[in-house]
Amino acid sequence: MTVLRASAVRPSPPARRIAFVAIGVAVAIALAVGLCGVLFLRAGALAAPYTPRVEDGYLTAPATLDDTDLPAIANLDAALLGALRDAAAAASSDGVSFEVTSGWRTARYQQWLLEDAVEDYGSVEVARQFVAAPDRSHHVTGHAVDIGPLDAQSWLIAHGAAWGLCQIYANERWHFELATDPGGTCPALRENAAG
Ligand SMILES: [Zn+2]
């Protein structure tokens, strides 16, 4: 009786082997599924690199100062936007119209621009002369705007101080910020965005 009960309770050696094999197979499947999941996620990340969207302030074409449905315009500092509109009204009587080629941007978009510039110029040091880091760019706070075309830039450089609008960097004739009181004198140009 004792022997029979023991053999009834304890699995026979082949049954235990099968159980071990089954557990081993289950663990292997779980590891494989986990590994596939990791690879899938990494492939997904590689397949979809960051590209700036309209919500980031990206403009698919030059905008006007009235395109407030675009985050690049809507998120500009209200005082800057007001000064630009007043200046644009005066410029239009001189036959000059402003286009906004870039306005507010997210920090991620700014970082993307910097990374792009690093690729173009070959070093972070040189890239920062043309594209400010996200923590330094006034585009990210909505306090800077890039204006085109060339005649609008020339007009703003000559007359913008009447509304406090100033060119800031010697190497960026398109980039304007409120940098003086209306009718004041713009500060001396900085050499570039890294200065
Ligand atoms: Zn700019």
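What comes next concerns the included structure.

The rules behind each value
Residues numbered from 1 in each chain as written. Predicted model: local features only at pLDDT ≥ 70, side-chain atom pairs only at ≥ 80, totals over all residues. Heavy atoms only, no water. Disulfide = S-S within 2.5 Å. Helix = DSSP H or I, 4+ residues; strand = E, 2+ residues; numbered from the N terminus. Buried < 20%, exposed > 50% of the residue type's maximum accessible area, 1.4 Å probe, protein only. Phe/Tyr/Trp six-rings, centres within 6.5 Å; stacked < 30°, edge-to-face > 60°. Lys NZ or Arg CZ within 6 Å of the ring centre and 35° of its normal. Donors = N, O, S within 2.8 Å, 3.2 Å for Na, K, Ca; no water.

Moving on, we come to the state of the cysteines. Using the criterion set out here, one finds 1 disulfide in the structure. Put simply, Cys166 and Cys186 are joined by a disulfide, and their sulfur atoms are 2.0 Å apart. Taking the sign of the torsion about the S-S bond as the criterion, the disulfide between Cys166 and Cys186, at about -85°, is left-handed. Here Cys166, found in strand S3 (residues 165-167), pairs with Cys186, found in the segment after strand S4 (175-178); they are 20 residues apart in sequence, far enough to count as distant. Accessibility expressed as a relative area gives 28% for Cys186, which makes it partly exposed.

We now examine the packing of aromatic side chains. What the rule picks out here adds up to 5 aromatic pairs. One aromatic cluster in this structure is built from Tyr58, Tyr109 and Trp112. Positioned over the ring face of Tyr50 is Arg108, at 4.2 Å from the centre of the ring.

In this section: unusual backbone geometry. For residues other than glycine, phi is negative in most cases, and the peptide bonds are mostly trans. Omega for the bond connecting Gly148 with Pro149 falls within 30 degrees of zero, at -10°, which places this linkage in the cis form. Residue placement: Pro149 occurs in the loop between strand S2 (145-148) and helix H7 (150-159).

What follows is about the coordination of the zinc ion. Binding of the zinc ion to the protein goes through His139 (NE2), Asp146 (OD) and His175 (ND1), at separations of 2.0 to 2.1 Å. Donor residues for the zinc ion sit on one chain with the sequence pattern H-x6-D-x28-H. With His139 in the loop between helix H6 (124-127) and S2 and His175 in strand S4, the pair connects residues that are 36 residues apart, well separated along the chain. His139 sits in the buried class, given a relative accessible area of 3%. The buried category is assigned to His175, whose relative accessible area is 4%.

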